Amino acid sequence: LSERIDPMLINETSLHMRGHVIFRETIVHLLRNEHLEEAEAVVLTGCSSGALGALLNLDRLDEMLSWNAPGCLVVGLIDAGWFLDSPEQILRWQAALNMW
């Protein structure tokens, strides 16, 4: 979804899904202009909805840096990225509340 060029129309609202492209181009900019290729370690972090973005892009960042900054350690710090987007997760949450 995040590489779509045209927006998605949902309930008469245009939604642009370009997060992956923005993330990739940000890393390319850092490699070209800020010497990211010299990094020994990179921490990708996000909180709440940003945690989901960090989680979804962590492997992508690791792959990009494995080519451009060999030996760079890439780690993620995911803070409060809890999303109940499937029936199984909702059932687990309800069970946890019952035990509490």
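None of these values were measured; they are calculated from a predicted model. Just so you know, the residues in each chain are numbered from 1, in the order the chain's sequence is written. Totals for whole chains, interfaces and linings use all residues, but because this is a predicted model, local features are given only for residues with pLDDT of at least 70 and pairs of side-chain atoms are given and counted only at 80 or more. With hydrogens and water set aside, each side-chain value is computed from the structure's full complement of heavy atoms.

A.B. asks: When you look at the overall build of the chain in this model, what are you seeing that I'm missing?
C.D. replies: Think of it this way: any DSSP run of H or I at least four residues long counts as a helix, any run of E at least two long counts as a strand, and we number them from the N terminus. Assigned secondary structure in the chain consists of 3 helices and 4 strands. Secondary structure elements of the chain occur, N-terminal to C-terminal, as β-β-α-β-α-β-α. Only protein chains enter the accessibility calculation, which uses a 1.4 Å probe. A residue is then buried if its area is under 20% of the maximum for its type, exposed if over 50%, and partly exposed in between. Within the span of the chain, comprising 100 residues, buried residues form 21% of the whole. Surface exposure of the chain reaches about 7,700 Å², of which carbon and sulfur atoms provide 57%. Method for areas: the Shrake-Rupley scheme with a 1.4 Å probe, in which residue coverage is limited to the protein chains shown.

A.B. asks: Honestly, a nonpolar patch on the surface in this entry has me stumped. Any pointers?
C.D. replies: The patches reported here contain residues having more than 30% relative accessible area and no salt bridge. Joining distances are 9 Å for like charges and 5 Å for nonpolar side chains (Val, Leu, Ile, Met, Phe, Trp, Tyr). The term salt bridge refers to a side-chain nitrogen of Lys or Arg lying within 4 Å of a carboxyl oxygen of Asp or Glu. A surface patch of nonpolar side chains, amounting to about 360 Å² of accessible area, comprises Val 43, Leu 73, Val 75 and Leu 77. When residues in the nonpolar patch are grouped by element, the largest group, 3 residues, is from strand β4 (residues 73–79). In this fold, Leu 77 is placed in strand β4.

A.B. asks: Explain the packing of helix α1 (residues 19–33) against helix α2 (residues 49–68) to me, please; I cannot follow it from the model alone.
C.D. replies: Each packed pair of helices is defined by two parameters, the angle between the axes and the distance between the axes. Between α1 and α2, whose axes approach to 11 Å, the crossing angle comes to 30 degrees. Our classification of the angle between α1 and α2 gives roughly parallel. Both α1 and α2 take part in a crossing whose hand is right-handed. Contacts between α1 and α2 pair His 20, Phe 23, Arg 24, Ile 27, Val 28 and Leu 31 from the former with Asn 57, Arg 60, Leu 61, Met 64, Leu 65 and Asn 68 from the latter. When residues are grouped by polarity, Ala, Val, Leu, Ile, Met, Phe, Trp, Tyr, Cys and Pro land in nonpolar, Asp, Glu, Lys and Arg in charged, and all others, Gly among them, in polar. Residues belonging to the contact of α1 with α2 are distributed by class as follows: 7 nonpolar, 3 polar and 2 charged. Convention adopted: a line fitted to C-alpha atoms gives each axis, helices being fitted over their contacting stretch, and angles between N-to-C directions are expressed from 0 to 180 degrees. For this classification, under 35 degrees means roughly parallel, over 145 means roughly antiparallel, 65 to 115 means roughly perpendicular, and everything else is oblique. Note: crossing handedness is left-handed where the near helix turns anticlockwise from the far helix by less than a right angle, and right-handed where it turns clockwise. Whether two residues are in contact is decided by their heavy atoms: any pair within 4.5 Å suffices.

A.B. asks: Explain the nonpolar core to me, please; I cannot follow it from the model alone.
C.D. replies: Generally speaking, nonpolar side chains in soluble globular proteins are found buried as a group. Side-chain atoms within 4.5 Å are what join buried Ala, Val, Leu, Ile, Met, Phe, Trp, Tyr and Cys residues into a set we call a nonpolar core. Ranked by size, the top nonpolar core spans 15 residues in total, and within it Ile 27, Leu 61 and Leu 65 carry the most contacts. Elements supplying a minimum of two residues to this core: α1, β3 (41–47) and α2. Setting aside chain neighbours within four positions, we find Ile 27 in contact with Leu 36, Leu 61 and Met 64.

A.B. asks: Looking at this structure, I do not really get the pairing of β3. What am I missing?
C.D. replies: Walk down a regular strand and you will see the side chains alternate between the two sheet faces. Side-chain alternation along β3 places Val 42, Leu 44 and Gly 46 on a buried face and Ala 41, Val 43, Thr 45 and Cys 47 on a face that remains uncovered. The rule for pairing is simple: two strands pair if DSSP sees at least two bridges between them. As paired elements, β3 and β4 share 7 bridges and run parallel to each other. From the neighbouring strand, Ala 41 faces β4, where its bridge partner is Leu 73.

A.B. asks: Explain the pattern of salt bridges to me, please; I cannot follow it from the model alone.
C.D. replies: Side chains that differ in charge, positive against negative, can pair when their charged atoms come close. Evaluated as defined, the whole model comprises 1 salt bridge. Between Glu 25 and Arg 24 there is a salt bridge, and its shortest N-O distance comes to 3.4 Å. The partly exposed category is assigned to Glu 25, whose relative accessible area is 41%.

A.B. asks: Hey, could you run me through the side chain of Asn 57 in this one?
C.D. replies: Relative to the helices and strands, Asn 57 is located in helix α2. Whenever two N or O atoms come within 3.5 Å, that pair is a polar contact, provided that in protein one can donate a hydrogen and the other can accept it, and provided that, for residues adjacent in sequence, both atoms are side-chain atoms. Of the polar contacts made by the side chain of Asn 57, one reaches the backbone oxygen of Gly 53; its length is 2.9 Å. Those residues in contact with Asn 57 that lie beyond four places of it in its chain are Phe 23 and Leu 44.

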